[in-house]
Structure formats: structure tokens, C-alpha cells
Amino acid sequence: MTRTPQAAAEEAAAELRSRTGVDAYDVALVMGSGWASAADLLGDSGQELPTTDLPGFVPPAVEGHSGTVRSIRAGDRSLLAFLGRTHLYEGHGTDAVVHGVRTAVAAGATTVVLTNAAGGINPAYAVGSPVLIADHLNMTARSPLTGATFVDLTETYTPALRELARSVDPSLPEGVYAAMPGPHFETPAEIRMLSAMGADLVGMSTVLEAIAARAAGARVLGLSLVTNVAAGLTGANLDHEDVLATGRDAAATVGRLLADITAKL
Ligand code: HPA
């Protein structure tokens, strides 16, 4: 019989425990494009390993996604930060995309913080600013779940955690994140469609991880960094390099915000 995704996550969690010496994590964070350096501000860094040292992880494919996992001590709590993630467009399937989240929950994490870079559809968002994810549109037509797993997604992004984030920064806007399969950026017509459907942000990650985290019983907080205005809304073309550069420029600001929020989780 082939191993279940849960068994694979437990195996990775056991290896993680033995490599880091941490028995149980409290909070897991997935650092998307533009967020990785924020990990330095979260607390005292312990062990950091390539994720591929743990069973079930695939090598990183994208520039700006380093593919390591870092153990961090913040006060009396243990944090697990994934520096980089696996995207659906890498072609390894949904289990590979959510293996980090499942591993973190198997290692004890009850709160999962998902960060990403996103295109801004809502004209109120400034490039370089963080936005709280209030809800999502899963446009990947995929789910990390199989079988009769009818998970309630009414409150995918835990309201109490959003409130807590806004207590750190009351000016933090909230929005609906639409996840497209990628790896290409959207057409202007697709952005008009997403806008009509109620999306404020567009990206290529996060939603499958949020679903897997909810299915595993964890609380979820989602944060996007607006790295560009979505396609067709200005005269400009989109470029992955610009997305990364905006991320680098905003690193200190979003890092501080994330560290302040994490301290209260
Ligand atoms: N579209 C999709 N994904 C993204 C974007 C975008 O405009 N910006 C950063 N990630």
C-alpha cells in the first residue's frame, strides 16, 4: 500500500524533531516571495535545513524561493519558518504543495501563517504594502483533499487572527485572494474576470495550503505583499524580477509587521 499524505507528514515531522531537537512547534510560517528575510526578525534562529533533508519535500524550482526550513525560538514558543514553498505549477501535485503545512501540523503547530507576493487588483492597494487575506477564490480547480473530506471553509482565515493582526496595524487592509494556477501571469481579461468575481489580490499559492491547514485543524493567518498592480490595470507589463525587487524593498517593513503579529499569536 502506498503511504498516505498524513503518514508522509508524520515521517517528515519525526525527522524534523530529531534534526532540530524541538519536540513540538507552536506556530508555522510559510515565507513567500518578499517575506523570507522577515524570518530573521522573528526570534532567535536555531537549526536551518534544506527542506529536501526531510522526507517528502521536492527541490525548490523558483528564484527567490530558497527551500529551507528554520527552527526559531521566540520567548517561550517555538516557530517553524519555511523559507520558500512548492507551487502547484512546479508539477509535483497538490500533496507536494501542502507537505510543509502538513509536516508543521504533525510537528505540533496549531497556527499556520501563510505569506505570499500578489498582484493588486483592488485600486486602493499601494505596491509594496501588506494586505491581510480575508478569504480566497480557489481558481486552481484543485484540492489537496481527497475522499469524503467535507471540510468547512466558512472561516478559512481565522477571524480572531485577523483581528489580532489589525490590532498590531489598524491600517492593514483586508482582501480576497484569488489563486491562479500559473506559472504565467494573468491576462487583462482574466484580471477583469477576477475583479468582477470579488478578488482584491491575485497570486499562485496559499489557497491549497490554507485548505490543508484547516483540514488538519490549524488556525490560519494569510498575508499578501502587493508586489505589482495586476495585469492590464496600468500600462505596464509584468516582470518576475520587478516582483522580487519590490519584495526586497519592502522586506524590512513587512518583516517588522510579521514579527509583531507573530509575537501576539
Ligand atoms: N499575478 C499572479 N501572481 C503574482 C502576481 C500577479 O500579478 N504578482 C505576484 N505574484
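Residues numbered from 1 in each chain as written. Predicted model: local features only at pLDDT ≥ 70, side-chain atom pairs only at ≥ 80, totals over all residues. Heavy atoms only, no water.

1. Quick notes on the side chain of T206
Here is step 1: Along the chain, the position of T206 falls in the loop between β8 (201-203) and α5 (207-215).
Here is step 2: Every residue in contact with T206, bar those within four places of it in the chain, is listed here: R85, L114, T115, N116, I133, Y157 and Y177. (Helix = DSSP H or I, 4+ residues; strand = E, 2+ residues; numbered from the N terminus. Contact = heavy atoms within 4.5 Å.)

2. Focus: the site of the ligand
Here is step 1: The immediate surroundings of the ligand are formed by A117, A118, G119, F185, E186, V202, G203, M204, T227, N228, L238 and V243.
Here is step 2: Measuring from a nitrogen atom of the ligand, one finds a backbone N or O atom of A117 at 3.4 Å.
Here is step 3: Contact with the protein chains hides 94% of the accessible area of the ligand, taken as 260 Å² for the molecule alone.
Here is step 4: Secondary-structure elements contributing two or more residues to the shell around the ligand are β5 (111-120), β8 and β9 (219-229).
Here is step 5: Split by residue class, the shell around the ligand holds seven nonpolar, four polar and one charged. (Near = heavy atom within 4 Å. Polar contact = N/O pair within 3.5 Å; in protein donor to acceptor, adjacent residues only side chain to side chain. Areas by Shrake-Rupley, 256 points an atom, 1.4 Å probe, with all protein chains shown as cover. Nonpolar A, V, L, I, M, F, W, Y, C, P; charged D, E, K, R; others polar.)

3. Describing helix α2 (residues 94-106)
Here is step 1: In a regular helix each residue adds 1.5 Å, so 13 residues correspond to 18 Å; α2 covers 18 Å between its end C-alpha atoms and thus fits that length.
Here is step 2: Of all the bends found along α2, the most pronounced is centred on G100 and spans about 40°.
Here is step 3: Taken together, the buried positions of α2 are T94, A96, V97, V98, H99, G100, V101, R102, T103, A104, V105 and A106.
Here is step 4: Lining the buried residues of α2 we find α1 (5-20), β1 (27-31), β4 (77-83), β5 and α5. (Expected span 1.5 Å × (residues − 1). Bend = angle between axes of the 7 residues up to and from the residue. Buried < 20%, exposed > 50% of the residue type's maximum accessible area, 1.4 Å probe, protein only.)

4. Things to note about the UniProt feature "binding site: phosphate" (unreviewed entry) in the protein chain
Here is step 1: UniProt records the feature "binding site: phosphate" (unreviewed entry) for S33, H65, R85, T86, H87, A117 and S205 in the present numbering.
Here is step 2: The topology assignment puts R85 in the loop between β4 and α2.
Here is step 3: A distance of 2.9 Å separates a polar side-chain atom of R85 from the backbone oxygen of T115.
Here is step 4: With respect to the helices and strands, S205 occurs in the loop between β8 and α5.
Here is step 5: In contact with S205, other than residues within four places in its own chain, are R85, H87, N116, Y177 and A179.
Here is step 6: Within the local environment of S205, its side chain forms a polar contact with the side chain of R85, the two groups lying 3.4 Å apart. (UniProt positions renumbered as here; feature names shortened; annotations may be inferred.)

5. A look at the environment of L194
Here is step 1: Mapped onto the fold, L194 is located in helix α4 (residues 188-196).
Here is step 2: Relative accessible area serves as the criterion here: at 0%, L194 is assigned to the buried category.
Here is step 3: Spatially, the C-alpha atoms of L194 and Y177 are 9.6 Å apart, while their sequence positions differ by 17 residues.
Here is step 4: Non-local contacts of L194, meaning those with residues more than four positions away in its chain, are made with I121, M139, A178, M180, A199 and V202.

6. Quick notes on the packing of α1 against α2
Here is step 1: As a packed pair, α1 and α2 sit with axes 8 Å apart at the nearest point and diverge in direction by 55°. For the element pair α1 / α2, the angle class is oblique. Considering how the two elements wind past one another, α1 and α2 form a crossing that is right-handed. Contact with α1, carried on its side by P5, A8, A9, E10, A12, A13 and R17, involves D95, H99, R102, T103 and A106 of α2 and no other residues of that element.
Here is step 2: Class assignment for the residues of the contact of α1 with α2 results in six nonpolar, two polar and four charged. (Axes fitted to C-alpha atoms, helices over the stretch in contact; angles between N-to-C directions. Parallel < 35°, antiparallel > 145°, perpendicular 65-115°, else oblique. Left-handed = near helix turned anticlockwise from the far one by under 90°.)

7. Some words on the pattern of salt bridges
Here is step 1: One pass over the structure, following the stated rule, counts 10 salt bridges.
Here is step 2: A salt bridge links R162 to E174; its shortest N-O distance comes to 2.8 Å. Here E174 lies in strand β7 (residues 174-179) and R162 lies in helix α3 (residues 159-168), a separation of 12 residues in the sequence.
Here is step 3: R162 sits in the buried class, given a relative accessible area of 16%.
Here is step 4: Under the relative-accessibility criterion, E174 is labelled partly exposed at 28%. (Salt bridge = Lys/Arg side-chain N within 4 Å of Asp/Glu carboxyl O.)

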